[in-house]
Amino acid sequence: MSPNAQITSHRKPRRATQSWVVRTGVAGGVLGTLAVTGAAAANAAEKPVESTMEMPAINAALAASITQSAASTHQAAFDYEVQAQQDKAEGEARAEAKKVKDEADRKAEAEKKVAEAKEKEAAQARASRTSDRSELGTKSASADSSEGTETAGSGSTAGSSATGSAATLVSYLKAQVGKAYVMGSTGPSSFDCSGLVMSAYSQIGIDLPRISQDQSTAGTAVSLGNLQVGDILYWGSAGSAYHVGVYIGDGKFIGAQNPSTGVVERDMSYSPPTGAVRVM
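Residue numbers here run from 1 along each chain, matching the order of that chain's written sequence. Owing to the predicted nature of the model, reporting of local features is limited to residues with pLDDT of at least 70; listing and counting of side-chain atom pairs is limited to 80 or more, with chain, interface and lining totals taken over all residues. The basis for every side-chain value is the complete set of heavy atoms in the structure, and neither hydrogens nor water enter the calculation.

A look at the pairing of strand E5 (residues 243–249)
Moving on, step 1. Exposed residues in this analysis have more than 50% of their type's maximum accessible area, buried residues have under 20%, and partly exposed residues fall in between, with area computed by a 1.4 Å probe over protein chains only. Helix numbering and strand numbering both begin at the N terminus, where a helix is a DSSP run of H or I of at least 4 residues and a strand a DSSP run of E of at least 2. Buried residues dominate E5, accounting for seven of its seven residues.
Moving on, step 2. A pair of strands is treated as paired once DSSP finds two or more bridges between them. Here four bridges tie strand E4 (residues 232–235) to E5, and the two strands are oriented antiparallel to one another. Considered in E5, the bridge of Leu-233 is made with Gly-245.
Moving on, step 3. With three bridges connecting them, E5 and strand E6 (residues 252–258) associate as antiparallel partners. Residue pairing in the sheet places Tyr-247 in a bridge with Phe-253 of E6.
Moving on, step 4. Taking the residues that link successive antiparallel strands as the turn, the E5-E6 hairpin has two residues, and the phi of Asp-250 there is positive, at about 55°.

Here's the deal with the pattern of salt bridges
Side chains bearing opposite charge may pair, as long as their charged atoms lie close to each other.
Moving on, step 1. Take a side-chain nitrogen of Lys or Arg and a carboxyl oxygen of Asp or Glu: if they are within 4 Å of each other, that pair is a salt bridge. The final tally for this structure, using the stated rule, is six salt bridges.
Moving on, step 2. A salt bridge links Arg-210 to Asp-192, with the shortest nitrogen-to-oxygen separation between them at 3.1 Å. Of this pair, Arg-210 sits in the loop between helix H3 (193–202) and helix H4 (212–215) while Asp-192 sits in the loop between strand E2 (190–191) and H3, and the two are 18 residues apart along the sequence.
Moving on, step 3. The exposure class assigned to Arg-210 is partly exposed, which follows from its relative accessible area of 28%.

Looking at helix H2 (residues 164–176)
Because each turn of an α-helix spans 3.6 residues, side chains separated by three or four positions end up pointing in the same direction.
Moving on, step 1. Given the number of residues in a helix, its expected span is that number minus one, multiplied by 1.5 Å. In this model H2 runs 19 Å from its N-terminal to its C-terminal C-alpha over 13 residues, within 8% of the 18 Å that 1.5 Å per residue would give.
Moving on, step 2. The first or second residue beyond H2 is Gly-178, which carries a positive phi of 100°.

A word on unusual backbone geometry
Moving on, step 1. Residues Gly-187 and Pro-188 are joined by a peptide bond in cis, for which omega reads 0°.
Moving on, step 2. Mapping Pro-188 onto the fold places it in the loop between strand E1 (180–181) and E2.
Moving on, step 3. Residues other than glycine seldom take positive phi values, yet Asp-250 does so here, at roughly 55°.

A closer look at the packing of H2 against H3
Moving on, step 1. Viewed as axis vectors pointing N to C, H2 and H3 meet at an angle of 140°, and their least axial separation amounts to 9 Å. Classified by the angle between their axes, H2 and H3 sit oblique to one another. The two elements H2 and H3 cross, and the hand of that crossing is right-handed. Contact residues: H2 offers Leu-169, Tyr-172, Leu-173 and Gln-176, while H3 offers Leu-196, Ser-199, Ala-200 and Tyr-201.
Moving on, step 2. In the contact of H2 with H3, the residues fall into six nonpolar, two polar and no charged. Orientation is described by axes fitted as lines to C-alpha atoms, over the contacting stretch for helices, and by angles from 0 to 180 degrees between their N-to-C directions. These descriptions rest on fixed angle ranges, namely under 35 degrees for roughly parallel, over 145 for roughly antiparallel, 65 to 115 for roughly perpendicular, and the rest for oblique. Crossing chirality is assigned from the near helix's rotation relative to the far helix, an anticlockwise turn below a right angle marking it left-handed and a clockwise turn marking it right-handed. Any pair of residues with heavy atoms lying within 4.5 Å of one another is described as a contacting pair. When residues are grouped by polarity, Ala, Val, Leu, Ile, Met, Phe, Trp, Tyr, Cys and Pro land in nonpolar, Asp, Glu, Lys and Arg in charged, and all others, Gly among them, in polar.

A word on the environment of Tyr-270
Moving on, step 1. Assignment of secondary structure puts Tyr-270 in the loop between strand E7 (262–267) and strand E8 (275–278).
Moving on, step 2. Each C-alpha atom, one on Tyr-270 and one on Phe-253, is 9.8 Å from the other, the two residues being 17 residues apart in sequence.
Moving on, step 3. Contact partners of Tyr-270, with chain neighbours within four places excluded, come to Phe-253 and Gln-257.

Let's talk about the sheet that holds E6
Moving on, step 1. Pairing in this open sheet of six strands is antiparallel, and the strands run E3-E8-E4-E5-E6-E7 from one edge to the other. What marks the edges here is a single partner per strand, and that holds for strand E3 (220–222) and E7. Mean inter-strand twist for the sheet, computed between neighbouring axes without regard to direction, equals 35°.
Moving on, step 2. Running at roughly 120° to E5, H2 makes contact with E5, E6 and E7 of the sheet.
Moving on, step 3. In this fold H3 packs onto E4, E5, E6 and E7, with an angle of close to 45° to the strand it touches most, E5.

Quick word on the side chain of His-243
Moving on, step 1. One can find His-243 in strand E5.
Moving on, step 2. For His-243, a relative accessible area of 9% puts it in the buried group.
Moving on, step 3. Within polar-contact distance, the side chain of His-243 engages the side chain of Gln-257 at 2.9 Å.
Moving on, step 4. Leaving out residues up to four positions away in the same chain, His-243 has contacts with Cys-193, Ser-212, Leu-233, Tyr-234, Trp-235, Ala-256 and Gln-257. Whenever a nitrogen or oxygen atom comes within 3.5 Å of another N or O atom, the pair is scored as a polar contact, on the condition that within protein one atom can donate a hydrogen and the other can accept it, and that pairs from neighbouring residues in sequence are kept only if both atoms are in side chains.

Structural notes on the nonpolar core
Moving on, step 1. Side-chain atoms within 4.5 Å link the members of a nonpolar core, which is a set of buried Ala, Val, Leu, Ile, Met, Phe, Trp, Tyr and Cys residues. Formed by 28 residues in total, the largest nonpolar core has its most connected members in Leu-169, Leu-173, Tyr-201, Ile-232 and Met-280.
Moving on, step 2. Contributions of two or more residues to this core are made by H2, H3, E4, E5 and E6.
Moving on, step 3. When near neighbours in sequence (up to four residues on either side) are disregarded, Ile-232 contacts Val-197, Tyr-201, Leu-208, Gln-215, Val-244, Gly-245, Gly-275, Ala-276, Val-277 and Val-279.
Moving on, step 4. Counting residues in each nonpolar core, the second largest holds eight residues, with Val-222, Leu-227, Leu-233 and Ala-276 among its members.

And the structure:
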């Protein structure tokens with residue numbers, strides 16, 4: 001037999017087909033597995049992406065919350081500072097108001113004490129004048145009963161021998177005779193008419209108004225026929241008198257007449273007055 005002679009094969013032909021089918025099945029399984037694995041890997045790869053996409057939203061909300069909290073804290077601090085300043089200003093205002101009130105109360109109390117002291121002095125002066133008036137009235141009645149009345153126009157008098165406050169008043173007035181007349185002056189070297197009367201009465205504790213108009217209504221009106229030492233004489237109408245002097249008894253008066261004569265002692269007939277008031 002030739003070495004190249006073909007030897008009939010004993011293999012079954014369908015085996016090759018079965019092997020191909022097997023190989024094909026294996027390959028399909030491998031490919032299916034790869035497909036499933038790829039899908040699973042794709043799904044697994046997608047999840048982190050979704051998680052990563054949510055992070056900006058979370059970070060933005062957190063940042064907004066932090067910003068809002070910081071703003072609230074800043075506003076609270078600002079409100080506290082404003083309130084503290086308001087409280088401080090109100091406290092200072094209350095302290096200043098209390099200081100002003102205390103000062104006003106202190107002044108009011110001081111003024112009250114001064115007023116009470118003046119009232120006490122005035123009461124004492126009134127009591128002294130009442131006593132002097134009683135004494136002067138007794139003296140006048142005695143003089144009238146023993147000496148009668150003076151001639152018409154001179155009025156009734158208590159004579160020139162006045163005592164007590166009246167004597168002090170007359171003594172002061174006589175000491176001023178001869179001094180100059182200066183408008184607006186109240187002494188001691190010169191006087192005008194009302195300045196002399198005011199200064200004279202101040203010697204016995206009686207405060208009179210400064211001007212002649214007011215002095216002509218300062219006391220009780222008396223008639224010129226019933227004069228007493230110390231009565232104020234006035235020329236012109238009561239309340240609008242243009243000149244004043246003081247009656248010193250014996251039908252005489254002393255007054256600061258004018259710049260030419262100065263302070264003089266005159267008989268009432270020299271210049272008859274219009275009326276008189278009594279303040280003693």
